[in-house]
Amino acid sequence: MINTLVLFMLFLSRQASAYVKHENVKNNLLHAEIIEMDTLLFDVAFNQYDAAAFRRIISEDVEFYDDRYGLNVSNDNKIKSLIGKQTRSIKVTRKLNSCTIDKLGDFGAVQLGEHTFYSNDIPQVKGKFIHIWERKNKDWKLKRVVSYEHKPFEP
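Quantities reported herein were computed from a predicted structural model and do not represent experimental measurements. (Residues numbered from 1 in each chain as written. Predicted model: local features only at pLDDT ≥ 70, side-chain atom pairs only at ≥ 80, totals over all residues. Heavy atoms only, no water.)

Asker: So what's going on with the nonpolar core? Which residues, and what values?
Answerer: If you look at the biggest cluster of nonpolar residues, it comprises 20 residues, and the most contacted ones within it are Ile34, Leu41, Trp133 and Trp140. Looking at this core, the elements that each hand over two or more residues are helix H1 (2–46), helix H2 (51–57), strand S1 (58–66), strand S3 (92–104), strand S4 (108–119) and strand S6 (139–152). Beyond its immediate sequence surroundings of up to four residues, isoleucine 34 is in contact with Ile101, Ala109, Gln111, Trp133 and Trp140. (Core = buried A, V, L, I, M, F, W, Y, C linked by side-chain atoms within 4.5 Å. Buried < 20%, exposed > 50% of the residue type's maximum accessible area, 1.4 Å probe, protein only. Helix = DSSP H or I, 4+ residues; strand = E, 2+ residues; numbered from the N terminus. Contact = heavy atoms within 4.5 Å.)

Right under this line is the structure:
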C-alpha cells in the first residue's frame, strides 16, 4: 500500500513538473511575441514614422486613454498624427525601460510597463502604460492603451 502511494505521489509530482515546464514555455513564447509587437509598434511604427506598420498593429476600434488628453478612439487621427510627425523638426522617439506581460485567457495579453520619450535623443518624459493586445488567428492587434504618470525625465 505504501509503495502504491509513493508511486502515485511520484506520478503526480512528475505530471505537475511537466505542466509547470509547459506553462513556462508558453509564457516565454507569449513574452517574446509581445516584445516583438512592442518593437514593431515603437521602433518601427513610432520611431521611424512607418504609417503602414502602424495600421497593421493597431486595432480598428482602438481606445487610447491618456492622463494628459483623456480618451481618444479614432484610429484615423492616430495615423494622421503619426504621418504628421514626419514634417516635424524635432525627432521624437520612445525607449522601453521595463515591462511585464501576462496572458488574458483566450483573448490575448496585457503588457504593463514604463518607457521614456526622447526629443532629438535627449530624454524628456517618463511614463507608464498598460497595453491590451488581442490575438486574432496568428496576428496581434493593440486593442486598448492606458498611458499615465507622465513626468519630466530625471536622471
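So, next bit.
Asker: Could you give me a rundown of the pattern of salt bridges, with the residues and numbers involved?
Answerer: Under the counting rule described, the total for this entry stands at eleven salt bridges. For arginine 68, the salt bridge is made with aspartate 66, and the minimal N-O distance between the two is 3.0 Å. For aspartate 66, a relative accessible area of 8% gives the class buried. For the salt bridge of glutamate 149 with lysine 128, the shortest nitrogen-to-oxygen distance reads 3.3 Å. Within this pair, whereas glutamate 149 is found in strand S6, its partner lysine 128 is found in strand S5 (residues 122–136), the two being separated by 21 residues in sequence. Beyond isolated ion pairs, a larger network of salt bridges with shared partners links Asp61, Glu134 and Lys143. (Salt bridge = Lys/Arg side-chain N within 4 Å of Asp/Glu carboxyl O.)

Asker: Go over the environment of glutamate 149 with me, naming the residues and quoting the values.
Answerer: Classification of glutamate 149 by relative accessible area gives partly exposed; the value is 36%. Not counting residues up to four positions away in its chain, the partners in contact with glutamate 149 are Asp67, Lys126, Gly127 and Lys128. A polar contact of 3.3 Å, which involves the side chain of glutamate 149, links it to the side chain of lysine 128. (Polar contact = N/O pair within 3.5 Å; in protein donor to acceptor, adjacent residues only side chain to side chain.)

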